Amino acid sequence: MFSAIGRLVNARLAFRRVFSTGRSAVFQMQSRQHDNRVDQELREMVHRYDLSVPIDRAITPPSSWYTSPAMYKLEKDTVFKNNWLAIGRKDQVQHAGQYFTANVVGEPLVVCRDLQGQLRAFLNVCCHRGMPVAKGEDTVSQFDCSYHGWSYALDGRLLKATKMKGIQNFKAKENGLKSLAVTTWGPFVLVKMTGNSTGVESKGLKLDKVETVLKQLDYDPDVEDVVFAKRITRTINSNWKTVVENFSDGGYHVDVTHKTFSDGYYDASTLQMLDVTEDFTIQVLKTNPNNPKAETRIGKSSTYIYIYPNFMISRYGPWVEAITLIPHEYDRTDFVFDFFLDKSYFQNKPRDEVSNFIEESVGLADKIQDEDDEICEGVHLGLMSSAYDAGRYVPRVEMSQYVFHQRLAKELRSSENI
Ligand code: FES
Ligand SMILES: [Fe+2]
């Protein structure tokens, strides 16, 4: 009797095992099919931009490049992994123990100067449960995780893990913070998520032409002749590429979008594309000669430099303005504006005059940015709409956008999954 029941139970268990194995095999197959379909869609999306067509006949990338989470993920794994990304300033990590944090394309980062004075960068993630080990910016002698109290040296080594008695196969030296490549250029700090990830400062950015142009504008990035004056941060509901395109459209939008300012401050008809390469673009715009106030504030001309993928520098009057773009999602991008002022500007000037000048100039840049934000957010709505698929280039002024898209397309295609 018992053996008959036993046989029945065993048969049912065997049936269940076969059934559930079958079900999980079906599930795995369905999920593989789903992944293949997504890969196929992404591949088609990337290849919809035809690299071989010259600007006068070319079609811009499709709107899905700006509105698809899968495309954003691909950019994250290619563009934002393979290139130097501007993320902060040297003065934020001037002294031993000083650090700042950032969050770029979903990766929490920390840059610090270790106790030996070496610049280092890490993923800001505790190896125990993933809590960031550093917040904001500060000066410390080590990083202490605020969750369970593990601590790390400023060179990334795990120094202390609490209540670990009884753990097997655990080696502290295999459990440090993950290092990133880090470099400086002028007063800026840049990191790279792949490549030489020793965490030790490396020489990496080759921008000879940009440096030559800046030196002609009385600003040498190798000489510490500007001081940090003010930071402004903004978030915009738009794809990061729309912001890049708006910055480097050969001035096409200036006298329309910025009518008030272009009338008062700039002569929009003078905008000139000085250089367009896949690594950077340089544009120059002359100041309105009929407004004496304009020249005091922004000098005789403004030079706008875009450095692929997320960095922009403007030089005008005594100012160096740096914009770092920090994408968080396909439809959300942070701007960090850092304003630097020529040291020579401070000479023999009362403090009040300098601080008024800073407030007024930064206020002006901020107002112009309000107008740009409105444009970028408006464009994003349009890109999300079924009414828009892709557009055309205006060849005489939009060469930098065309070159930007060519570079992007090449990088996206270089992914082994595409
Ligand atoms: S997550 Fe950092 S100590 Fe637990
Ligand atoms: Fe603008």
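The structure this text deals with has already been given above.
Quantities reported herein were computed from a predicted structural model and do not represent experimental measurements.

Things to note about the overall build of the protein chain
Across its full length, the protein chain carries 12 helices and 17 strands. Counting contacts in the protein chain only where the partners sit at least 6 residues apart, residues at least 24 apart contribute 58% of the total.

Side note on the sheet that holds strand β5 (residues 137-139)
One open sheet accounts for 7 strands, arranged β1-β10-β9-β4-β3-β2-β5; its pairing is antiparallel. Whereas interior strands pair on both sides, the edge strands pair on one side only; in this sheet they are β1 (85-89) and β5. With direction set aside, neighbouring strand axes in the sheet form an average angle of 30°. In this structure, β1 lies alongside strand β10 (residues 188-192), joined through 4 bridges in antiparallel fashion. Bridging across to β10, G88 finds its partner in V189.

With respect to the sheet that holds strand β7 (residues 151-152)
Pairing within the open sheet is antiparallel, and its 3 strands lie in the order β6-β7-β8. Of all the strands in the sheet, just β6 (143-144) and β8 (158-160) have a single pairing partner and so form its edges. Note: β6 against β7, 2 bridges, orientation antiparallel. Within β7, the residue paired with D144 across the bridge is S151.

Some points on unusual backbone geometry
Backbone torsion omega between Y308 and P309 reads 0°, so that peptide bond is classified as cis. Of note in the backbone geometry, V105 takes a positive phi value of approximately 40° without being a glycine. Mapped onto the fold, V105 is located in the loop between β2 (98-104) and β3 (107-113). With 20 C-beta atoms counted inside 10 Å, the residue V105 sits in the buried group. The backbone phi angle of N169 is positive, close to 50°, even though this residue is not glycine. Position of N169 relative to the elements: it lies in the loop between β8 and β9 (179-185).

Here's the deal with the pairing of strand β13 (residues 280-286)
Burial runs high along β13: 5 of the 7 residues are buried. Note that strand β12 (residues 272-276) and β13 share 4 bridges and pair antiparallel. Of the residues in β13, the one forming a bridge with Q272 is V284. Counting the residues in the hairpin turn of β12 and β13 gives 3 residues. As judged from the 7 bridges shared by β13 and strand β14 (residues 301-307), these two strands associate in the antiparallel manner. Within β14, the residue paired with Q283 across the bridge is Y304.

Quick notes on the environment of L154
By the secondary structure assignment, L154 is in the loop between β7 and β8. Residue classification places L154 among the buried residues on the basis of 24 C-beta atoms within 10 Å. Spatially, the C-alpha atoms of L154 and L115 are 6.9 Å apart, while their sequence positions differ by 39 residues. Filtering out sequence-adjacent residues up to four positions away, L154 remains in contact with G97, C112, D114, L115, R120 and Q142.

What about helix α3 (residues 69-77)?
Among the residues of α3, M71, Y72, L74 and E75 are the ones counted as buried. The buried side chains of α3 occupy one side of the element, clustering within an arc of 160° when seen end-on.

Overview of the pairing of strand β15 (residues 311-316)
With 6 of 6 residues buried, β15 is to be regarded as a mostly interior element. As paired elements, β14 and β15 share 6 bridges and run antiparallel to each other. Following the sheet pairing, I307 is matched in β15 by F311. Turn length for the β14-β15 hairpin, with the two strands adjacent in sequence and antiparallel, is 3 residues.

Concerning the packing of helix α6 (residues 240-247) against helix α11 (residues 351-384)
One way to put it is that α6 packs onto α11 with a least axis distance of 10 Å and a crossing angle of 130°. By the criterion of interaxial angle, the relationship of α6 to α11 is oblique. Of the two elements, α6 crosses α11, and the hand of that crossing is right-handed. For the pair α6 and α11, contact is made by T242, V243 and N246 and by D372, I375, C376, V379 and H380, respectively. A breakdown of the residues in the contact of α6 with α11 according to their chemical character gives 4 nonpolar, 3 polar and 1 charged.

Each value, and the rule that gives it
Residues numbered from 1 in each chain as written. Chains lettered and ligands numbered in written order. Predicted model: local features only at pLDDT ≥ 70, side-chain atom pairs only at ≥ 80, totals over all residues. Helix = DSSP H or I, 4+ residues; strand = E, 2+ residues; numbered from the N terminus. Contact = placed C-beta atoms within 7 Å. Pairing = 2+ DSSP bridges. Axes fitted to C-alpha atoms, helices over the stretch in contact; angles between N-to-C directions. Buried ≥ 20, exposed ≤ 12 C-beta atoms within 10 Å, placed from the backbone. Arc of directions from axis to C-beta. Parallel < 35°, antiparallel > 145°, perpendicular 65-115°, else oblique. Left-handed = near helix turned anticlockwise from the far one by under 90°. Nonpolar A, V, L, I, M, F, W, Y, C, P; charged D, E, K, R; others polar.

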